[in-house]
Every structure is written in structure tokens, then in C-alpha cells.
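Each chain, letter by letter, is given below.
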Amino acid sequence: MTRHMHNPALLLLNDSPRLPMIAALAVRFAATVTMWERQRRSRINLSQLDDRLLKDVGLTRSQANREVKRYFWQY
């Protein structure tokens, strides 16, 4: 089973011996929830940017609004 994690604390598990199935599922669930929360916070912050800052990051207001309206689990 390949583990795909971005959180530095969870990356330490890649060096550990193979986890029992329930532990591996718990770690994967925690990594997924962490990613969802990061996406949710990023979209909240994006919604608060003014047009000048959006232009700095290369987005239009309509592109930002489209991204903000996405559900937290959508990439």
C-alpha cells in the first residue's frame, strides 16, 4: 500500500515499518481531513482578497468566486 501524505508529521510514518490496517486507515483519514481543512481555509482567505491582490496572484474576481464556491473536498 502506497502512502501519499503531505503533512511533515505524517511523512515520518513513511520511515516506519508497515502499519496495521486499522492504523493505516486512521492515518490516511487524518491526512485527508487535514487536506480538506487546508483547502477550506485557503478558500476562505481567497474570498477575502481585494481585486488588487487577486491580480497579483493572477486571478480574476470571477475565477476566485468560482474557486470559493467549491466544496471543501473538491480539488
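Refer to the structure printed above.
Residues numbered from 1 in each chain as written. Predicted model: local features only at pLDDT ≥ 70, side-chain atom pairs only at ≥ 80, totals over all residues. Heavy atoms only, no water.

K.L.:
What am I meant to see in the overall build of the chain here?
P.N.:
Summing up its helical and strand segments, the chain has four helices and zero strands in all. Reading the chain from its N terminus to its C terminus gives the helix and strand order α-α-α-α. Looking at the 75 residues of the chain, the share that counts as buried comes to 15%. For the chain, the share of sequence-separated contacts (at least 6 apart) that also reach a separation of at least 24 residues comes to 40%. (Helix = DSSP H or I, 4+ residues; strand = E, 2+ residues; numbered from the N terminus. Buried < 20%, exposed > 50% of the residue type's maximum accessible area, 1.4 Å probe, protein only. Contact = heavy atoms within 4.5 Å.)

K.L.:
Can you walk me through the packing of aromatic side chains in this structure?
P.N.:
For any two aromatic rings, the description comes down to two numbers: the centre-to-centre distance and the angle of the planes. For the coordinates displayed, the defined rule picks out three aromatic pairs. Between the aromatic rings of Tyr71 and Trp73, the centroid separation amounts to 4.8 Å while the plane-to-plane angle is 0 degrees, which identifies the pairing as stacked. On the basis of relative accessibility, which here comes to 44%, the residue Trp73 falls in the partly exposed class. With a centroid separation of 5.0 Å and 85 degrees between ring planes, the pair formed by Phe72 and Trp73 is classed as edge-to-face. When its relative accessible area of 36% is taken as the criterion, Phe72 is described as partly exposed. By way of ring pairs, the aromatic residues Trp36, Tyr71, Phe72 and Trp73 are connected into one cluster. (Phe/Tyr/Trp six-rings, centres within 6.5 Å; stacked < 30°, edge-to-face > 60°.)

K.L.:
For this particular structure, what's the right way to read helix 2 (residues 21-47)?
P.N.:
Residues three or four positions apart in an α-helix share a direction because the helix packs 3.6 residues into each turn. Between the first and last C-alpha of helix 2 there are 39 Å, a value that for 27 residues agrees with the 39 Å anticipated at 1.5 Å per step. When helix 2 is considered as a whole, its buried residues turn out to be Ala24, Val27, Ala31, Met35, Gln39, Arg43 and Leu46. (Expected span 1.5 Å × (residues − 1).)

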